[in-house]
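One letter stands for each residue in the lines below.
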Amino acid sequence: TLSLHDALPILNSVDFFRMKCFIAVADQLNFTRAADVMGISQPAMSVQIRELERETRAGAEDYADEVFGHVEQTLETLSTSVHRVRDRLNNQGLSR
């Protein structure tokens, strides 16, 4: 399997929205349903996955199993961090 250390160069070059699209496709196992989940059209989903493949220089099937867990964990960590920062700003009266 791919270690987090080996996956970081891939994750660093990937747009977060594309990562979410990748997770949606992996979760739904269907581009149309994944597009519905993400609130975009199926052709737009295909473009996102194609761009993800281009950015990582691999086909989705080449790294899906190995990177999926790392991508999901990275997005969860990012989401948690954003919520913590927002909470801290709200508590300090600094939010908009």
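Please read all numbers here as calculations on a predicted model, not as lab measurements. (Residues numbered from 1 in each chain as written. Predicted model: local features only at pLDDT ≥ 70, side-chain atom pairs only at ≥ 80, totals over all residues. Heavy atoms only, no water.)

Description of helix H3 (residues 31-38)
The opening residue of H3 is Asn 30, an N-cap whose side-chain oxygen sits 2.9 Å from the backbone nitrogen of Thr 32. Within two residues after H3, Gly 39 carries a phi angle of roughly 75°, on the positive side. (Polar contact = N/O pair within 3.5 Å; in protein donor to acceptor, adjacent residues only side chain to side chain. Helix = DSSP H or I, 4+ residues; strand = E, 2+ residues; numbered from the N terminus.)

Let's talk about the environment of Glu 72
Within the secondary structure, Glu 72 is located in helix H5 (residues 60-91). Along the primary structure Glu 72 and Phe 22 are separated by 50 residues, whereas in three dimensions their C-alpha atoms are 9.5 Å apart.

Notes on the packing of helix H2 (residues 16-28) against H3
Running from N to C, H2 and H3 point in directions that differ by 130°, and their axes come no closer than 8 Å. When the axes of H2 and H3 are compared, the pair comes out oblique. The crossing of H2 and H3 is right-handed. Packed against H2, whose contacting residues are Phe 17, Lys 20, Cys 21, Ala 24, Val 25 and Gln 28, the element H3 presents Phe 31, Arg 33, Ala 34, Val 37 and Met 38 at the interface. Here the residues of the contact of H2 with H3 sort into 8 nonpolar, 1 polar and 2 charged. (Axes fitted to C-alpha atoms, helices over the stretch in contact; angles between N-to-C directions. Parallel < 35°, antiparallel > 145°, perpendicular 65-115°, else oblique. Left-handed = near helix turned anticlockwise from the far one by under 90°. Contact = heavy atoms within 4.5 Å. Nonpolar A, V, L, I, M, F, W, Y, C, P; charged D, E, K, R; others polar.)

Describing H2
Compared with an ideal rise of 1.5 Å per residue, which puts 13 residues at 18 Å, H2 spans 18 Å between its outermost C-alpha atoms and is within 8% of the ideal. Phi turns positive, to about 55°, at Leu 29, one or two residues after H2. (Expected span 1.5 Å × (residues − 1).)

Concerning the environment of Lys 20
Following the sequence through the fold, Lys 20 ends up in helix H2. The partly exposed category is assigned to Lys 20, whose relative accessible area is 43%. Taking C-alpha positions, Lys 20 is 9.8 Å from Ala 34, a pair spaced 14 residues apart along the chain. Setting aside anything within four residues of it in sequence, one finds Lys 20 in contact with Met 38 and Leu 75. (Buried < 20%, exposed > 50% of the residue type's maximum accessible area, 1.4 Å probe, protein only.)

Observations regarding the nonpolar core
Core analysis: the biggest nonpolar cluster contains 12 residues, these being Met 19, Cys 21, Phe 22, Ile 23, Ala 24, Val 25, Ala 34, Ala 35, Met 45, Ile 49, Leu 52 and Leu 75. Of all the elements in the fold, those that place two or more residues in this core are H2, H3 and helix H4 (42-56). With 6 residues, the single largest contributor to this core is H2. What Cys 21 contacts, discounting residues up to four positions off in sequence, is Met 38, Ile 40, Met 45, Gln 48 and Ile 49. (Core = buried A, V, L, I, M, F, W, Y, C linked by side-chain atoms within 4.5 Å.)

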